Amino acid sequence: MTKYLDLSIIEINELLKSKKIKPIDLVNECFDRIEANKSLNAYITLNKEEAIKTAIELENKEVDNILFGIPIAIKDNILTKDLRTTCASRMLENFNPIYDATVIKKIKEKNMIIIGKTNMDEFAMGSTSRTSYFKAPLNPWNQDMITGGSSGGSAAAISARTVLLSLGSDTGGSIRQPSAYTGIVGMKPTYGRVSRYGVIAFASSLDQLGPMTRNVYENALLLNAIVGKDELDLTSVEREEEDFTRYIGKDIKGLKIAVPNYFMSDIVSDEIILKIKEVIKLLEQAGAKVDYIDVPYLNNAVTLYQIIAMGEASSNLARFDGTRFGYSYPNPKNLDELYTKTREEGFGAEVKRRIMVGSYLLSGDNAKEYYDKALEIRDDMKKSFDKVFESYDLIIGPTTTTTAYKQTEALDDPLKSFMDDVLVIPVNMAGLPGLNVPVGFSKDKLPIGMHIIGNSFEEAKMYMLASYIENKLNLNLNPEGENHE
Amino acid sequence: MNDYKTTIGIEVHAELKSNTKMFSSSKNDFKTRPNSNISVIDLGYPGTLPLVNKGAVELALKAALLLNCKINKRMHFDRKNYFYPDLPKGYQITQARTPIGVDGYVEIEVDGVTKKIGIHDIHIEEDTAKSIHNETTSYLDFNRAGVPLIEIVTYPDMNSKEEAMAYLERLREILLYAEVSDCKMEEGSMRCDVNVSVSKNDILGVRTETKNIGSISSVGMAINSESLRQIKVLEDGGSIREETRRYDEASDQTILMRVKETGNDYRYFPEPDIPFIELSDEYINKIHDNLPVMPNVLRKKYKELNINDNNIKTIIANKDLCKYFESFVNDTNPVTASNLLTGDIMGYLNKNNLSINDINLDISNLKKLIKVIDDKKISSKQAKQLIPVMLETGKDVDVIINEMGMVQISDDKVLQELVDKVISANQESVNDYKAGKDRALKYLMGQIMKESKGKANPSEVNRLLVDTLRSI
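Because the structure is a prediction, the values reported are computed rather than measured.

**Observations concerning the overall build of chain A**
Of regular secondary structure, chain A possesses 15 helices and 11 strands. On C-alpha atoms alone, chain A measures out to a radius of gyration of 21 Å, which is about the 23 Å that the 2.2 N^0.38 rule sets for 485 residues. Counting over 485 residues, chain A shows a buried share of 64%. Considering only residue pairs separated by 6 or more positions, chain A has 76% of its internal contacts joining residues 24 or more positions apart.

**Brief notes about the sheet that holds strand β11 (residues 447-454) of chain A**
All names here are of chain A. Pairing within the open sheet is mixed, and its 11 strands lie in the order β1-β3-β2-β4-β6-β5-β10-β11-β9-β7-β8. Where the open sheet ends on each side, the last strands, each with one partner, are β1 (43-46) and β8 (289-293). Averaged over all pairs of adjacent strands, the angle between their axes in this sheet comes to 30 degrees, without regard to strand direction. Both strand β7 (residues 256-260) and β8 contribute to a ladder of five bridges, which runs parallel. If you follow Lys256 over to β8, its bridge partner there is Lys289. Here helix α7 (residues 216-226) sits on the sheet in contact with β2 (71-75), β4 (165-170), β5 (185-188), β6 (208-213) and β10 (434-441), set at roughly 145 degrees to β6.

**What to know about the domain arrangement of chain B**
Segmenting chain B into domains produces domain 1 (5-282), domain 2 (293-403) and domain 3 (412-471). A C-alpha centroid distance of 34 Å is found between domain 2 of chain B and domain 3 of chain B.

**Topic: the packing of aromatic side chains**
Taken as a whole and judged by the stated rule, the model has 20 aromatic pairs over all chains. Consider the rings of Trp141(A) and Phe441(A), whose centres lie 5.1 Å apart with planes at 50 degrees: the pair is tilted. Taken together, the residues Trp141(A) in the loop between β3 (113-118) and α5 (152-159) and Phe441(A) in strand β10 connect sequence positions 300 residues apart. In terms of burial, Trp141(A) and Phe441(A) fall into one category: buried. The structure contains a cluster of three or more aromatic residues connected by ring pairs, namely Phe95(A), Tyr99(A), Phe123(A), Tyr197(A), Phe320(A), Phe325(A), Phe347(A) and Tyr45(B). For the cation-ring pair, Arg90(A) lies above Tyr327(A), with the distance from its terminal atom to the ring centre recorded as 4.6 Å. It is Arg74(B) that lies over the ring of Phe276(B); its NZ or CZ is 4.0 Å from the centre.

What counts and how
- Residues numbered from 1 in each chain as written.
- Chains lettered and ligands numbered in written order.
- Predicted model: local features only at pLDDT ≥ 70, side-chain atom pairs only at ≥ 80, totals over all residues.
- Heavy atoms only, no water.
- Helix = DSSP H or I, 4+ residues; strand = E, 2+ residues; numbered from the N terminus.
- Rg over C-alpha atoms; globule rule 2.2 N^0.38 Å.
- Buried < 20%, exposed > 50% of the residue type's maximum accessible area, 1.4 Å probe, protein only.
- Contact = heavy atoms within 4.5 Å.
- Pairing = 2+ DSSP bridges.
- Axes fitted to C-alpha atoms, helices over the stretch in contact; angles between N-to-C directions.
- Domains from an automatic or database assignment.
- Phe/Tyr/Trp six-rings, centres within 6.5 Å; stacked < 30°, edge-to-face > 60°.
- Lys NZ or Arg CZ within 6 Å of the ring centre and 35° of its normal.

Laid out in structure tokens, this is it:
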């Protein structure tokens, strides 16, 4: 078996340019590795035939950018034309989209090669990927463990080195939390950075797509390729073009970093706190100034998230009614039966739970009582972050309260999945960018991640700190490798 | 029965005359082959997001300004959630919290009394798809899904069917003149729901809503019938429930559709896919300063020009005709012009099912016609013959007059010869005239006109004849 997929994208790009390898070599190796890691269940749909065809077509094209010919895996809530997009739901089990999401267009323009669609929590609702209609993906570090979620398939696909790049989506931590559990780099960009057009909506005011990759540099490369104002998404934001890799390798001396006390409180396991403190020490040694501070409202984030996300989800998922696309209950007696049976049988338990709770939260006076109030406090939370960024460049803390836990754990506790995201949700509420960078391993040899939060549109600065940590720690993040201490 | 007071509030949905739909770039044209003007957005396809049609917002803003509303300068959209096959997303995008306009009014006049009908709000929303049912199957046409609408909601300020009808007439006129909407009730581009309650005192009674009434006159009839029904129920000791009803023209009755459930729950919340829209003062002022002249202003102007009320009514009721009239009214004799337009020209158009825009009537030629009539070069009878020829051939008025030999004889010398000839041939009538018989004058006039083959200018002939008879 070839080992091109263990090279860096820069090295691969050189080999492609000098015609020492062809895109098809990368594609074939991907599918070999996917086959070898089949038990991980990282993918829902493989795009083998089309990927091979595209790779061969690329042989006649000039290698015009660094991502040319690079295989990529796409979370299965992002619409890919003529390639099944299920959202990990029975509702969309046979759904073949008739258009490409804006990010997919961008990926195709750069001549990346889509390898397949990755597993996830159904409609991105969950933090373990166990709500998938296609069964949960497994953690490459220990297959008894969850990958986290909802972008668990993308995380497993990268962690197991079956593909070079992947896309995830993050509504309340769904990129960063599984990245932490699987030892990869995951970025949720500023809300509005990346077009949401063609992404099956979960909670519109929170959803954002982002790159999930093996390392910081490649993460920044993929972000370069997918950002930009989209005429089809009114919430996308016009920004001057920038290179997100530009600060990578720069000195972090003088960088002012805040650590919210809440992030280091007893909700986090000792092992993780210890690891984060070690990293903080490294940063201080490098000349960064690190302060522990209080940030109000952080402890309210999960409650606010539940109200806003479930409220919006209950409305966003109303369109799955069996009349135009997706699952449709056969031979209904009447319209009511078409609706109720289609949705009863098409949606899984967690999705139905959230639709019901969300509907309740928006009902009658509840909308004012809960949703409106949540939006208000959300503004306050944003303001309290703004205040921190008046004095600090970045905020850091752990990404998760524990390392990945057992597939069999907490299956009957719907609240657990929200609490898993307690450290990452505030970022979505404030629309800020957040990134996970691996910082070490637990005594059980499971990855631990650090969370870096930036001010709006300061992703480049976050990559600077993340790459410093990555370099300094120089961890072996391949689960197949050695030295996972 | 007469001590009941009827209270009426009206909700009007008007389709905006935009090129494209409210939240997608599909064409705003649903009178075409079913499902031909649709896109993934209109179908509520997964992953799609709404766009905002700026042109439609502008039309709504125009309407809000013309209805004297306060403008919500920072407005957003809301989702109204419910399940129905004609609602592709499972929610309608509308404006519940920040309607584009609030607290306006429309001034009406009934029996010479003016009254302001308060506008609660005017908001923008999207239309639904159209369901077509047969016995076994239902079909959905999504051409209409996403067509921009404005909904105009009044306060319960009307107390008679006359007031309600006057309000609708006036509203329709305003929207039509501002080119905001076609306002064709028969085609559904203007739809009307009427809330009616009756009460013996100042406390409003329980209201019913009669939906989708097909014409303004039907609105009048529906109000009449519904208020009588309510009074009868109350007089019989019953009580009124909140209901949705419809009006059946054939039986002149409102018919129960459904009883309104308490707390009809649409789960409104702000549409997160569309950011707030800021309407700057500069923009609002620009739209305000370019608003078209409204019918009430034109009505006043025409009155001052001495145009008669019937003509004014006809012209105002026909927006295209009015626009045409306005384009030259300041540059001609407005009375003759209005007579021609509302008389023979309208007659011709109606007979041939045409609109003024269809016939390309040259204004300078029409002005020429007005002048020859005013100068009495041709008689009104001749004008009647000339107009169809002019409209059909587009020929120059002078050319037609020549070709049809219509030139009126106004030359005194020629006319005097005719007068003398007839007088000398009808000595008996001259004697009768002298004896005081007025009838003789009419007879002589007739003889002269006959002699001139109808071309003599009658008033000139009359003057010359009387002078000549007196001098004999």
